[in-house]
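Here is what each chain is made of, one letter per residue.
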Amino acid sequence: MTNPLSRAEKLSSSAGSLVLDVDVLVLGGGPAGTWAAISAAEHGARVVLADKGFCGTSGATAAAGTGVWYVDPVPERREGAMASREKLGGYLQDRRWMARVLDRTFTQSNRLADWGYPYPVDEGGKPQRNSLQGPEYMRLMRKRTKQAGVTILDHAPALELLVDENGVVAGAAGLRRQRGDRWVVKAKAVVIATGGCAFLSKTLGSNVLTGDGYLLAAETGADLTSMEFSNAYAISPAFGSVTKTLFYSWASFTDEEGSRIPGASSKGGRSVIARALRRGPVYAQLDEADSETQRHMRVSQPNFFLPFDRTGIDPFTQRFPITLRLEGTVRGTGGLRIVDDDCATTVPGLFAAGDAATRELICGGFTGGGSHNAAWAMSSGYWAGQGAAGFARQLGATSKRQVSRRGTVAFRSGNGRPLQAGKLARGVQGEVFPYELNYFREAGRLGESLRRLDGFWSEAADASAPAEQDLLRAREAAAMLATARWMYRSALARQESRGMHRRDDYPEQDDRYRHYVTTGGLDEVWTSARPLAFAQYSEAAE
Amino acid sequence: MIEVIDTERCTACDICVNVCPTNVFDKTDGIPRIARQNDCQTCFLCELYCPEDALFVSPFADAPQEVDVAALKEAALLGSYRRAVGWTDESRQLRTADRSYRLFGH
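Residues numbered from 1 in each chain as written. Chains lettered and ligands numbered in written order. Predicted model: local features only at pLDDT ≥ 70, side-chain atom pairs only at ≥ 80, totals over all residues. Heavy atoms only, no water.

### Let's talk about the overall build of chain A
Here's step 1: When its secondary structure is counted, chain A shows 16 helices and 19 strands.
Here's step 2: Compactness check: chain A gives a C-alpha radius of gyration of 22 Å against a globular reference of 24 Å for 542 residues, within 12% of the reference.
Here's step 3: A fraction of 74% describes how many contacts in chain A between residues 6 or more apart in sequence connect residues 24 or more apart.
Here's step 4: For chain A, the exposed area adds up to about 19,200 Å²; of that, 48% sits on carbon and sulfur atoms.
Here's step 5: Between the centroid of the 66 positive side chains of chain A and the centroid of its 59 negative side chains there is a distance of 4 Å. (Helix = DSSP H or I, 4+ residues; strand = E, 2+ residues; numbered from the N terminus. Rg over C-alpha atoms; globule rule 2.2 N^0.38 Å. Contact = heavy atoms within 4.5 Å. Areas by Shrake-Rupley, 256 points an atom, 1.4 Å probe, with all protein chains shown as cover. Lys, Arg positive; Asp, Glu negative; His and termini not counted. Charge placed at Lys NZ, Arg CZ, Asp CG, Glu CD.)

### Points about the packing of helix H4 (residues 95–114) of chain A against helix H12 (residues 369–395) of chain A
All names here are of chain A.
Here's step 1: Between H4 and H12, the least distance of the axes is 8 Å, while the angle of their chain directions is 90°. Comparing the axis directions of H4 and H12 gives the class roughly perpendicular. Residues Trp97, Arg100, Val101, Arg104, Thr105, Gln108, Ser109 and Leu112 of H4 form the contact with H12, whose participating residues are Ala375, Trp376, Met378, Ser379, Tyr382 and Trp383.
Here's step 2: Looking at the contact of H4 with H12 residue by residue, the classes come out as eight nonpolar, four polar and two charged. (Axes fitted to C-alpha atoms, helices over the stretch in contact; angles between N-to-C directions. Parallel < 35°, antiparallel > 145°, perpendicular 65-115°, else oblique. Nonpolar A, V, L, I, M, F, W, Y, C, P; charged D, E, K, R; others polar.)

### With respect to the layout of surface pockets
Taking a probe equal in size to a water molecule and rolling it over the atoms shows the remaining empty space.
Here's step 1: Within this model, the second largest pocket holds a volume of roughly 620 Å³.
Here's step 2: Leu200, Lys202, Asn207 and Gln429 of chain A together with Asn38 of chain B are, among the 28 residues lining the second largest pocket, the residues nearest its centre.
Here's step 3: Secondary-structure elements contributing two or more residues to the lining of the second largest pocket are strand E14 (320–327), helix H13 (421–432) and helix H15 (471–493) of chain A.
Here's step 4: Looking at which element gives the most residues to the lining of the second largest pocket, the answer is H13 of chain A, with five residues. (1 Å grid on protein atoms, 1.4 Å probe; cavity = no way out; pocket = protein on both sides within 12 Å on 5 of 7 lines; lining within 4 Å. Points joined across faces, edges and corners; volume = space filled by probe spheres on them.)

### What about the sheet that holds strand E15 (residues 335–336) of chain A?
Residues and elements named next belong to chain A.
Here's step 1: With antiparallel pairing, four strands are arranged side by side in an open sheet as E15-E10-E18-E19. The sheet terminates laterally at E15 and strand E19 (526–530), the two strands that pair on one side only.
Here's step 2: Here five bridges tie strand E18 (residues 516–520) to E19, and the two strands are oriented antiparallel to one another. Note that in E19 the partner of tyrosine 516 across the bridge is arginine 530.
Here's step 3: Here H15 sits on the sheet in contact with strand E10 (224–225), E18 and E19, set at roughly 145° to E18. (Pairing = 2+ DSSP bridges.)

### Section: unusual backbone geometry
Residues and elements named next belong to chain A.
Here's step 1: If you check the backbone angles, cysteine 343 has positive phi at about 65° while not being a glycine.
Here's step 2: Tracing the backbone through its elements, the reader meets cysteine 343 in the loop between E15 and strand E16 (350–352).
Here's step 3: Note on cysteine 343: relative accessible area 0%, which makes it buried.
Here's step 4: Notably, alanine 410 is not glycine yet its phi reads approximately 80°, a positive angle.
Here's step 5: Relative to the elements of secondary structure, alanine 410 occurs in the loop between strand E17 (403–405) and H13.
Here's step 6: Take alanine 410: its relative accessible area is 1%, and that puts it in the buried class. (Buried < 20%, exposed > 50% of the residue type's maximum accessible area, 1.4 Å probe, protein only.)

### Points about the confidence of the model for chain A
Here's step 1: Looking at chain A, pLDDT values average 95 and 96% of them are 70 or higher.
Here's step 2: Here residues 1–5 of chain A scores under 50 on pLDDT; set against residues more than four positions off or in separate chains, the count is seven contacts. (pLDDT = per-residue confidence, 0-100.)

### Thoughts on the pattern of salt bridges
Where charged atoms of side chains with opposite charge meet at close range, the side chains can pair.
Residues and elements named next belong to chain A.
Here's step 1: If you walk through the whole model with that rule in mind, you get 49 salt bridges over all chains.
Here's step 2: Of the charged contacts in the structure, one is a salt bridge between arginine 451 and glutamate 448, with a shortest N-O distance of 3.1 Å. Separated by three residues within a single helix, arginine 451 and glutamate 448 lie in helix H14 (residues 443–462), roughly one turn from each other.
Here's step 3: Since its relative accessible area comes to 55%, arginine 451 is described here as exposed.
Here's step 4: By relative accessible area, which is 38% here, glutamate 448 ends up partly exposed. (Salt bridge = Lys/Arg side-chain N within 4 Å of Asp/Glu carboxyl O.)

### Comments concerning the nonpolar core
Here's step 1: In this structure, Leu25, Leu27, Leu112, Trp183, Tyr248 and Phe253 of chain A together with Phe25 of chain B are the most contacted members of the largest nonpolar core, which totals 196 residues.
Here's step 2: It is H15 of chain A that contributes the most residues to this core, 14 residues altogether.
Here's step 3: Not counting the four nearest positions on each side in its chain, leucine 27 of chain A is found in contact with Ala50, Ala158, Leu161, Ala172, Trp183, Val190, Val191, Ile192, Ala193, Thr194 and Leu216 of chain A.
Here's step 4: In this structure, Val4, Phe56, Leu72 and Leu78 of chain B belong to the second largest nonpolar core, which totals five residues. (Core = buried A, V, L, I, M, F, W, Y, C linked by side-chain atoms within 4.5 Å.)

See below:
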């Protein structure tokens, strides 16, 4: 089944655009995208991977490094790993999916070792595979993607999907921003692996993650789910970008006067920090790390220390101001709804992987941190690539397909006033960054915010296409806006507190809401309740 | 944000232009230009990939900073991240130094 040497077929590269014809197009070159591309190629597909930035450095993982939900296949350990976060996630996880993700992550992590990833070995001589250095991991994944025969397009953001006359996704079109021309890739199946949306908050490595894939998919009619679980904030030095919240479990938190802030903590006390930040500056100091722990921290995450070493702060002995940066759906659990074991979306020919896809199946309503997301990227990437290759094979020859472009906002002739990307992006940030809107939610505030966001949407939808050089920024801002509207509509629909979604007006978890909230739509955003999979099974059995 | 491409060290290989995920640099006939500094997300990856240790990313994410290149060189801060992750010949042993497994579960 392996056919790694068949490459994408170039149809033309004239007239200011590159046109390729392939079986599978993968959008996004982070962990999920590279695993999807390799998997599709290994299942016999000709594959193109298009990344907005540079495959190998773009995305949340490349800059940061991450834990991995890697658990030895010992029944008790697996059971413990699945049970440990069920309560935190509000009992929305799916055990069947958790088990298959643990299996697949184990396999893929071990393949990384075979490919030469330099996993550390512990004092007892055992390789430790539950953590990955981002730059190292993604440099290797780029190399393996190329070796699998995948054609990589760097600095090639997708702008819109192509769809055939039957509504089947048939490729995408975008820009080659360093060449100043366009690309069109006709494909029999597309994998969206564009990551989540962190709203240009500068949380480490996440400014390429503006929800682009959600918008592209929604324009073809795809559903999203669990978008209310989108209010993850990460701790960073107030001046810096390095968000590494784990290390703050050794921190004490103080106010301007130097008094301890009661209850403030990285785990289970971050909301206290958010409340304190509304009153004034908050300081942290990692004074609970002993010298051995300090040494482990230094070698495990050198980037954590860059902001300190370069400003002359010793974070272990001196306090420094901190802030909380919004990680949105990158650390949230929402995303495109997947409908089968191949990570297909609700639109034929369209698959989703990584943070672009929902992680409700393994995390429920609470982030699994980088660890679960990394496991999900490996697993869903593998399945989406396999599924897309299979879909392409079944579709067979498609030379008669009439394809059309699905881009909406920022592509229209409009009212003569060009869409202003910068202004729109700042407007959206003003609705999603404030803790009183997003972290601590309440019907009145959410409703007011949605009214403003809906206003932005009407304006953007009526606006004219911007100048060519502003098109990508305009589409990114539109994707951020669409994401914010799905988040807050879903947040209004969940009249309880569960997982990371907290409502000041409904502070308790409510059994009537133990379901998923599906959402979608562009001009009109809708939501609906969807039962858990195991609830469906039990009904079917009755 | 990226503040400096050191003109003494830069060999105009354009690796930084290629690898920057947010497309901050432009190619020129010589040394690349920091063309869109405001798009810098302060991920430090250009610096990490620079084989000549010619770049310096200031840790201040939201505002440009004045930096003194001579002082940075004096303090061996150019290339410090590359050395710390084991991407130089002298520091290769650090590629397997990750002790995260000792930190998880705290």
